[in-house]
Amino acid sequence: MTYETAYDSKDLDILKLLAENPQLSQAEIGKQLGVAVGTVNWRLKRLVSDGFLRTVPGEGRKLNYFVTESGTALSRQLYTEFVDRSFSAYRTIKKQMQDFLDRCEADHFTTIQLYGDGDAAEICRLIAVSRGLKIVSSGGEQDPIISVNGLQISINFPEKKVSAQPLDGRNKENQDD
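Residues numbered from 1 in each chain as written. Predicted model: local features only at pLDDT ≥ 70, side-chain atom pairs only at ≥ 80, totals over all residues. Heavy atoms only, no water.

Structural notes on the overall build of the protein
Working step 1: Looking only at helices and strands, one finds five helices and six strands in the protein.
Working step 2: Counting from the amino terminus, helix and strand elements in the protein follow one another as α-α-α-β-β-α-β-α-β-β-β.
Working step 3: Taking all 177 residues of the protein together, 32% fall into the buried category.
Working step 4: Summed over its atoms, the accessible surface of the protein is roughly 11800 Å², and 51% of this surface lies on carbon and sulfur atoms. (Helix = DSSP H or I, 4+ residues; strand = E, 2+ residues; numbered from the N terminus. Buried < 20%, exposed > 50% of the residue type's maximum accessible area, 1.4 Å probe, protein only. Areas by Shrake-Rupley, 256 points an atom, 1.4 Å probe, with all protein chains shown as cover.)

Considering the sheet that holds strand β4 (residues 134-136)
Working step 1: Pairing is mixed in the open sheet, where four strands are placed in the order β4-β3-β5-β6. The two strands at the open ends of the sheet, each matched to only one other strand, are β4 and β6 (152-156). Across the sheet, the mean angle from the axis of one strand to that of its neighbour is 30°, orientation sign disregarded.
Working step 2: Inspection of the sheet shows strand β3 (residues 111-115) paired to strand β5 (residues 145-149) by three bridges, in the parallel sense. Paired with Y115 across the strands is S147, a residue of β5.
Working step 3: Along the sheet face, helix α4 (residues 69-106) touches β3, β5 and β6 and points at about 5° away from the line of β6. (Pairing = 2+ DSSP bridges. Axes fitted to C-alpha atoms, helices over the stretch in contact; angles between N-to-C directions. Contact = heavy atoms within 4.5 Å.)

Comments concerning the confidence of the model for the protein
Working step 1: Summarising the model, the protein shows a mean pLDDT of 87, and 86% of its residues fall at 70 or more.
Working step 2: Low pLDDT (under 50) marks residues 162-167, which in the prediction has two contacts with non-local residues, meaning those over four places away or in another chain. (pLDDT = per-residue confidence, 0-100.)

Looking at the pattern of salt bridges
Working step 1: On inspection of all chains with the given rule, the structure shows six salt bridges.
Working step 2: Residues R43 and D8 are paired through a salt bridge, measuring 2.8 Å at the closest nitrogen-oxygen approach. Of the two residues, R43 sits in helix α3 (residues 37-49) while D8 sits in the segment before α1 (9-20), which places them 35 residues apart along the sequence.
Working step 3: Taking relative accessible area as the criterion, R43 reaches 12% and is therefore assigned buried.
Working step 4: For the salt bridge of D102 with R131, the shortest nitrogen-to-oxygen distance reads 2.5 Å. Of this pair, D102 sits in helix α4 while R131 sits in the loop between α5 (119-130) and β4; the two residues are 29 residues apart in sequence, bridging distant segments of the chain.
Working step 5: Since its relative accessible area comes to 40%, D102 is described here as partly exposed.
Working step 6: The exposure class assigned to R131 is partly exposed, which follows from its relative accessible area of 25%.
Working step 7: Shared partners join several salt bridges into a network, and the residues in it are D8, D11, R43 and R46. (Salt bridge = Lys/Arg side-chain N within 4 Å of Asp/Glu carboxyl O.)

A few points about α5
Working step 1: Along its 12 residues, α5 runs 16 Å from first to last C-alpha, staying within 8% of the 16 Å computed at 1.5 Å per residue.
Working step 2: If you check which residues of α5 are buried, you get A120, A121, I123, C124, I127 and A128. Buried residues of α5, viewed axially, fall in a sector of 155°; they line one side. Counted as exposed and oriented over 90 degrees from the buried face of α5: D119, L126, V129 and S130.
Working step 3: Those residues of α5 hidden inside the fold are in contact with α4, β3, β4, β5 and β6. (Expected span 1.5 Å × (residues − 1). Arc of directions from axis to C-beta.)

Put into structure tokens, the structure is as follows:
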């Protein structure tokens, strides 16, 4: 069964946490996921009303949340969508980085500077190393600089230095004749 409503990775995280520990409080879920308790409350109410969670009274006023069969199916769907998006992002990053490195290799660069954090930057590092390029932390103006910001990748090539030649084709040394 495919669910068309707008569930996302936070819902998947909530379902995963509650599958492991149905007694988690809303505050504990919010703390683990880094979201406000109000957000957790809203998502839990929606998951319960749509039949993905069922509640059982716990101690005091506390509720225990149990993932239903439909909730398990939703978890699988959300996980599959997450993996599909992740691999799509990986393929996009890999293609863009390979194109940049093709240009670097065509211009005979053997070292690059690579700046950025996160998974996308790590993918770029792995691709560069697998292609035999050396990554340096600073190389002055002679190395291409690849910057990774989130899923955005950019490259700046150093300006090529062209030696000045007289327009008439004579060597500089022979100009004093």
